[in-house]
Amino acid sequence: MLGTTILPEIRELIEKRHFTELREVFSDMLPADIAEVLVEIPEQDQAIVFRLLPHALATDVFEFLDFDSQKNLIKALGKEEVASILNDMSEDDRTALLEELPAAVVKQMLSLLSPEERATAQSLLGYPPNSVGRLMTTDYIDVPPDWTVKQVLDYIRENGRDSETLNVIYVTDDKGRLIDDIKIREFLLSPLDKPVSDLMKGHFVSLNVHDAQETAIEYFKKYARVALPVTDSNGILVGIVTIDDVLAVIEQEETKDFLSLGGVQTRAAERTYFDSPLWFVVRNRIGWLLFLFVGGTLTGNVVKFFHESISEAIAAALAVFTPLLIGTGGNTGSQTVSTIIRSLAIGEIEPKDWLKVLLREALTGVTVGLILGIIGFGWSFLTLNHWRFSIIVGISVVAICIWSSAVASQIPILAERFGLDATVLSAPLITTLVDATGLVIYFTIAKLVFHLY
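Residues numbered from 1 in each chain as written. Predicted model: local features only at pLDDT ≥ 70, side-chain atom pairs only at ≥ 80, totals over all residues. Heavy atoms only, no water.

Moving on: the overall build of the protein. Tallying secondary structure elements over the protein gives 23 helices and 6 strands in all. Classification of the 453 residues of the protein by burial places 43% in the buried group. In the protein, of all internal contacts separated by at least 6 residues, the share reaching a separation of at least 24 is 64%. (Helix = DSSP H or I, 4+ residues; strand = E, 2+ residues; numbered from the N terminus. Buried < 20%, exposed > 50% of the residue type's maximum accessible area, 1.4 Å probe, protein only. Contact = heavy atoms within 4.5 Å.)

What follows is about the environment of Leu-439. With respect to the helices and strands, Leu-439 occurs in helix α23 (residues 422–452). Along the primary structure Leu-439 and Leu-325 are separated by 114 residues, whereas in three dimensions their C-alpha atoms are 8.2 Å apart.

What follows is about the nonpolar core. In this structure, Ile-10, Phe-26, Phe-50 and Phe-62 are the most contacted members of the largest nonpolar core, which totals 41 residues. In this structure, Ile-10 is in contact with Leu-22, Val-25, Phe-26, Met-29 and Val-37, ignoring residues within four places of it in sequence. (Core = buried A, V, L, I, M, F, W, Y, C linked by side-chain atoms within 4.5 Å.)

We now examine the side chain of Gln-46. Mapped onto the elements of the fold, Gln-46 is located in helix α5 (residues 43–51). Note on Gln-46: relative accessible area 6%, which makes it buried. Polar side-chain contacts of Gln-46 include one of 3.2 Å to the backbone oxygen of Ile-41. Filtering out sequence-adjacent residues up to four positions away, Gln-46 remains in contact with Leu-38, Val-39, Ile-41 and Leu-73. (Polar contact = N/O pair within 3.5 Å; in protein donor to acceptor, adjacent residues only side chain to side chain.)

This brings us to the sheet that holds strand β1 (residues 142–143). Strand order across the open sheet formed by 3 strands is β1-β2-β3, with mixed pairing between neighbours. Each end of this open sheet is capped by a strand with a single partner; those strands are β1 and β3 (178–183). When β1 meets strand β2 (residues 168–172), the two strands line up parallel, connected through 2 bridges. Its bridge partner being in β2, Val-143 is matched across the sheet by Val-171. (Pairing = 2+ DSSP bridges.)

Residues other than glycine seldom take positive phi values, yet Asn-130 does so here, at roughly 65 degrees. Secondary-structure assignment places Asn-130 in the loop between α11 (115–125) and α12 (132–135). What makes Asn-130 partly exposed here is its relative accessible area of 47%. Its identity as a non-glycine residue notwithstanding, Ala-224 has a phi of 50 degrees, on the positive side.

Here the focus is the pattern of salt bridges. Taken as a whole and judged by the stated rule, the model has 8 salt bridges. The residue Asp-154 makes a salt bridge to Lys-150 at a minimum N-O spacing of 2.9 Å. One end of the pair is Asp-154 and the other is Lys-150, both in helix α13 (residues 149–159) and 4 residues apart, which spans about a single turn. On the accessibility criterion, Asp-154 (33% relative accessible area) is partly exposed. (Salt bridge = Lys/Arg side-chain N within 4 Å of Asp/Glu carboxyl O.)

Here the focus is the sheet that holds strand β6 (residues 237–242). Spatial ordering of the open sheet is given by β4-β5-β6, a layout of 3 strands whose pairing is mixed. A strand with exactly one partner marks an edge of an open sheet, and here the two such strands are β4 (207–208) and β6. Here 5 bridges tie strand β5 (residues 227–231) to β6, and the two strands are oriented antiparallel to one another. For Pro-229, the partnering residue across the bridge sits in β6 and is Ile-240.

Turning our eyes to something else, we now look at the packing of helix α20 (residues 322–345) against helix α22 (residues 387–417). Where α20 contacts α22, the axes come no closer than 8 Å and their chain directions differ by 30 degrees. With respect to α22, the element α20 is oriented roughly parallel. Of the two possible hands of crossing, α20 and α22 adopt the one that is right-handed. Between α20 and α22, the contacting residues are Leu-325, Thr-328, Gly-329, Thr-332, Gly-333, Thr-336, Val-337, Ile-340, Ile-341 and Leu-344 on the first element and Val-393, Ser-396, Val-397, Ile-400, Cys-401, Ser-404, Ser-405, Ala-408, Ser-409, Pro-412, Ile-413 and Glu-416 on the second. For the contact of α20 with α22, the class distribution of residues is 12 nonpolar, 9 polar and 1 charged. (Axes fitted to C-alpha atoms, helices over the stretch in contact; angles between N-to-C directions. Parallel < 35°, antiparallel > 145°, perpendicular 65-115°, else oblique. Left-handed = near helix turned anticlockwise from the far one by under 90°. Nonpolar A, V, L, I, M, F, W, Y, C, P; charged D, E, K, R; others polar.)

Moving on: the packing of aromatic side chains. Under the criterion given, the structure shown has 5 aromatic pairs. With a centroid separation of 5.4 Å and an interplanar angle of 70 degrees, the aromatic rings of Trp-147 and Tyr-155 are classed as edge-to-face. Relative accessible area serves as the criterion here: at 23%, Trp-147 is assigned to the partly exposed category. Among the residues examined, Tyr-155 registers a relative accessible area of 28% and is labelled partly exposed. Seen in terms of ring centroids, Tyr-442 and Phe-443 are 5.4 Å apart; in terms of plane orientation they differ by 40 degrees. Their pairing is tilted. (Phe/Tyr/Trp six-rings, centres within 6.5 Å; stacked < 30°, edge-to-face > 60°.)

In structure tokens, the structure reads:
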């Protein structure tokens, strides 16, 4: 990226305090690249460099910074500078920033806004967390259906500068209800005297202000839009959500899901890796590790129980294949969990489909288990040259694969049904369950085989 490419040159200019040259370098750069440079230079220099930017450019750069960098700049800049930036920020980005700040700081930030901007900010912050209302902006263009194309274009020229996007123009009735959305190209390619009502098709897609942000993600994927209107319960247009806001939510959700699958609490995503103190890292990891540690004692008790009921020689021989079988069960369960969580997330399956999912995954477990069981039978025979142990390993692999697939398919569905986060529960729970129950299956089959033969 351009920012990192010229970073050494910028650092040298800062060191030598050649601010005029530095200003010229920034004038040829995009806001995103300047933001990339800012986070790479020492904090004490960030405010100095930021003040070199023209006002409009500074606001754009500020919006591209991560929350930690934004907070640092707010502390370093004067009240007037902060007020200017906050008033000029897009409403959705400003709301996202205010959400991250402590209540006392938010109160101070709101006091710096103009009365109009303060009312808008308070309104957006009043919507439930993780709702579409927190994502939207009220900067959009809406027109009545009885206007002509010329009137619309004149209105856009006069008022469109502050709009979040001009790709779509919204049509509202005299009560503010959304009745259509029309792409700007329709206005650009139509005769000037043509009324807006003649361009209307009467079908559009909108979000409700109280919808979950995940709903916005689904709508943008399904309808391939760059912006979607947001209405209240009465159908009145209150804002729009744009694709850049949705992409930010997707990144946050993917980060949380990735951490959750590893048994790390999702608040770990609130800080960067090197900015996270040791206590913060430990606090986010210790919960599931303690759970798994205690759960691991079940495995030891299982081994102890069966060790006492079978001979030392047989127990030692069986122990050779314990890691193989436990690992196979864990891997099978992890694959199933990942598949089910993804399907639940994108709406391919629902909790009511639990039986169909169970049967399908059990069948998958049978098929996979038979393939691995045959290989396990052959490998154990080559290793120990004992047909009974080979039978035990082969049957155990099949049984463990079926069991792991079945259990792993139901845990995310149960979590979803009870309103819990499936990604947080599933992977660590599967690890503990499969380890303990896999050993029970293995040693039980061993006892049966040696009892029958």
